[in-house]
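Descriptive structure summary
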Amino acid sequence: MTPDRPAVVESAGIGRVRVTSYRDLRLLVDTYTSHLRDLGIGIGERIILEADVTAQSIAMLLACSAAGLTFIPVSPETPAQRLHSMISTARPALHVQPTDGKRDALPGGVGTARFDTAGITVVERPPTGRSLRREACVTDPAYMIFTSGTTGRPKGVVMSHRAVVSFYRAMLEYRIVTPRDRVASTSPLQFDFSLLNIGLALGSGAAVVPVAQQLVRWPRNFLRVLRETGATQVNGVPSIWQQALRYEPEKVAALDGLRGILFCGEEFPLPELRRIRELLPQVRIINCYGATESMACSFADVPDPLPDDLERLSIGSGHRGAELLLVNEAGHVIDEPGVPGELYLRSPALFSGYWDDPAATRAALVPDPLCPQSGQLVLRTGDVAYRGHDGELYFCGRSDSQVQINGNRVELGEVERRLLEFPGATAAAAVPLPHAASGTVLGGFVVVSNDAPAADAASLREFCADRLPSYMVPREIRLVETLPTTTNGKVDRAALISSAATAG
Ligand SMILES: Nc1ncnc2c1ncn2[C@@H]1O[C@H](COS(=O)(=O)NC(=O)C[C@H](N)c2ccccc2)[C@@H](O)[C@H]1O
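The present account deals with the structure reproduced in this document. (Residues numbered from 1 in each chain as written. Predicted model: local features only at pLDDT ≥ 70, side-chain atom pairs only at ≥ 80, totals over all residues. Heavy atoms only, no water.)

1. Brief notes about the overall build of the protein
Per the secondary structure count, the protein includes 14 helices and 27 strands. For a compact globule of 504 residues, the expected C-alpha radius of gyration is about 23 Å, and the protein comes in at 23 Å, within 12% of that figure. Along the three orthogonal principal directions, the C-alpha set of the protein runs to about 70 × 55 × 45 Å. Across the 504 residues of the protein, 54% fall into the buried class. (Helix = DSSP H or I, 4+ residues; strand = E, 2+ residues; numbered from the N terminus. Rg over C-alpha atoms; globule rule 2.2 N^0.38 Å. Buried < 20%, exposed > 50% of the residue type's maximum accessible area, 1.4 Å probe, protein only.)

Below, the structure written as structure tokens:
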């Protein structure tokens, strides 16, 4: 790409658009890299990068990689206690935030600095011990992302340069964007979806259009930023579309520069996907599946048109150079169609391990089930899927989203899919609710469109009872305006469970 092409296009949604060219970005990276080197931080040391996605924070993460330092992206919203526990776990040399960053009162022993377009200004010098490292190496950790950890304490997912670059190379073969494209990225920096988007845009000579999450929540502002910045590709978790489709469908339809949508993180509610297809018929929609332990691993085009009887979306069959296997409970690889199994991933983009947690690492990176003698390790994803007759894989849910209700095994995704078939339903979540008398009961939360026919708990329960066995019919169903989401934008099931508990 020519140096004066846009690399980052930013807008605060109030008419002012700021463009950073590839040349400017490169100059910023070089400035930050030399300031980092001057700090004398040893190769392989960690840097906590607390920032939203901006031209400067993108330059900072590139500079960390250029200087052989591992960056740990965290959002400014991260609670102090969680940040301090990450610091005591990862023992970073430095914490950097933008000049106007709000973070203060960090624990001792960590250098602190602030950055802006002029460079890095040190506040507390980082501790510099004698480093025994001489050369950076592609197997070094490029970054570490602390997952919210569905179970227990957050785990630090360590991704090497080699893993990231091999994933980026595979992704770029799909030619998802061209140098003329502008890729809107709606995830926080701490979510690797933003790192995928940065690699997708900059690896294609295109521009990144960072959209802050709090902006995404206001559909009018969100759609205005997309228009002002000329975004041609919008990447985000499914929930970013919920409010815009509900309140501003005509503005969604007016996004005439939009060529592509890519989503990941969880299943896209089919009624909303159909709505997007109606409003934006010319747009390519890609379902990108994977876990932070490999950044992602498959890309599948959403069929156009969406067949009426479509039950599930394909997640494809793994990008070129990777292989998704289905393994049954006995640990044998399945290859007959229609039989669900756990997805295992063979890939050059696998993570190095969980930081300082060999037991969790051994549980995730396991011997190749087809050839354990070889020493090759594959990732146990914890996801359940089956292979269709078309050879593609269809996601069924997480293996830990199978819950026991009155002794019966319930796949929560199954209940959610049925709730979503209710006329006017646009989003749904099924969760296990603790119940004084019966132990655990099924709770359903449903968002219905404004003009939905009389949707109420009783009609929804009846609708489920028509098709599901009684133990899969939610005992309690609540109609909600919207589903709560986590900082990464996924449905926050823990919040639903605690909301039901407090509501009594
Ligand atoms: N397209 C999907 N359909 C359905 N369930 C899904 C899907 N993508 C993930 N998931 C689920 O999310 C889990 C991974 O969660 S995660 O580790 O927080 N990572 C992510 O959610 C994002 C992931 N790193 C990523 C980043 C960028 C592009 C694609 C994927 C997977 O194991 C699946 O259960």
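So, next bit.
2. Notes on the packing of helix 1 (residues 22–38) against helix 2 (residues 55–66)
Their axes nearest at 8 Å, the elements helix 1 and helix 2 cross at an angle of 50 degrees. Classified by the interaxial angle, the pair formed by helix 1 and helix 2 is oblique. Relative to helix 2, helix 1 is oriented so that their crossing is right-handed. Within the contact between the two elements, helix 1 uses L25, L28, V29, Y32, T33, L36 and R37 and helix 2 uses A55, Q56, A59, M60, L62, A63, C64 and A66. (Axes fitted to C-alpha atoms, helices over the stretch in contact; angles between N-to-C directions. Parallel < 35°, antiparallel > 145°, perpendicular 65-115°, else oblique. Left-handed = near helix turned anticlockwise from the far one by under 90°. Contact = heavy atoms within 4.5 Å.)

3. Overview of the pattern of salt bridges
Once the charged atoms of two side chains with opposite charge are near each other, the side chains can pair. Taken as a whole, this structure holds 23 salt bridges when the rule is applied. In this structure, the salt-bridge partner of R398 is D400, at a minimum N-O distance of 3.4 Å. Given a relative accessible area of 44%, D400 falls into the partly exposed group. With its nearest N and O atoms 2.8 Å apart, the salt bridge here joins E416 to R493. Of this pair, E416 sits in helix 12 (residues 412–420) while R493 sits in helix 14 (residues 493–503), placing them 77 residues apart in sequence. Here E416 falls in the buried class, since its relative accessible area comes to 11%. (Salt bridge = Lys/Arg side-chain N within 4 Å of Asp/Glu carboxyl O.)

4. Some remarks on unusual backbone geometry
The linkage connecting D304 with the following residue, P305, adopts the cis geometry, with an omega of 5 degrees. For P305, the position within the fold is in the loop between strand 15 (298–301) and strand 16 (323–327). In this structure, R175 is a non-glycine residue whose phi angle is positive, near 45 degrees. Within the fold, R175 resides in the loop between helix 4 (161–172) and strand 10 (182–185). Classification of R175 by relative accessible area gives exposed; the value is 65%.

5. Section: the sheet that holds strand 25 (residues 425–435)
Pairing is mixed across the open sheet formed by three strands, whose spatial order is 25-26-27. Taken across any chain shown, the strands that pair with only one partner, and hence form the sheet edges, are strand 25 and strand 27 (476–479). Between one strand axis and the next, the sheet turns through 20 degrees on average, direction left out of account. Inspection of the sheet shows strand 25 paired to strand 26 (residues 439–448) by 10 bridges, in the antiparallel sense. Among the inter-strand pairings, V431 is bridged to a residue of strand 26, identified as G443. (Pairing = 2+ DSSP bridges.)

6. What about the site of the ligand?
Lining the immediate surroundings of the ligand are 20 residues, of which D192, N287, M295, D383 and K490 lie closest. Between the ligand and the protein, one listed contact pairs a nitrogen atom with a backbone N or O atom of G265 at 3.0 Å. D383 places a polar side-chain atom, nitrogen or oxygen, 2.6 Å from an oxygen atom of the ligand. Secondary-structure elements contributing two or more residues to the shell around the ligand are helix 5 (192–203), strand 14 (284–289) and strand 22 (393–398). Within the shell around the ligand, the residues separate by chemical class into 10 nonpolar, four polar and six charged. (Near = heavy atom within 4 Å. Polar contact = N/O pair within 3.5 Å; in protein donor to acceptor, adjacent residues only side chain to side chain. Nonpolar A, V, L, I, M, F, W, Y, C, P; charged D, E, K, R; others polar.)

7. Some remarks on the packing of aromatic side chains
Scanning all chains against the criterion turns up 12 aromatic pairs. Taking the centre distance of 5.8 Å and the plane angle of 75 degrees together, the rings of Y32 and F115 count as edge-to-face. Of this pair, Y32 sits in helix 1 while F115 sits in strand 6 (residues 111–116), and the two are 83 residues apart along the sequence. A relative accessible area of 0% places Y32 in the buried class. For the ring pair F167 and Y168, a centre distance of 6.5 Å and an interplane angle of 50 degrees mean the geometry is tilted. (Phe/Tyr/Trp six-rings, centres within 6.5 Å; stacked < 30°, edge-to-face > 60°.)

8. As for the layout of surface pockets
Put simply, the second largest pocket is a space of about 950 Å³. Every residue lining the second largest pocket is counted, 35 residues in all, and those nearest its centre are D52, V53, T54, A212 and Q214. Elements represented by at least two residues in the lining of the second largest pocket include exactly strand 1 (6–11), helix 2, strand 5 (94–98), strand 6 and helix 6 (213–216). Ranked by residue count, the leading element in the lining of the second largest pocket is helix 6, at three residues. For the lining of the second largest pocket, a count of residues per class yields 11 nonpolar, 13 polar and 11 charged. (1 Å grid on protein atoms, 1.4 Å probe; cavity = no way out; pocket = protein on both sides within 12 Å on 5 of 7 lines; lining within 4 Å. Points joined across faces, edges and corners; volume = space filled by probe spheres on them.)

Read these as layout, nothing more, since geometry by itself doesn't imply function.
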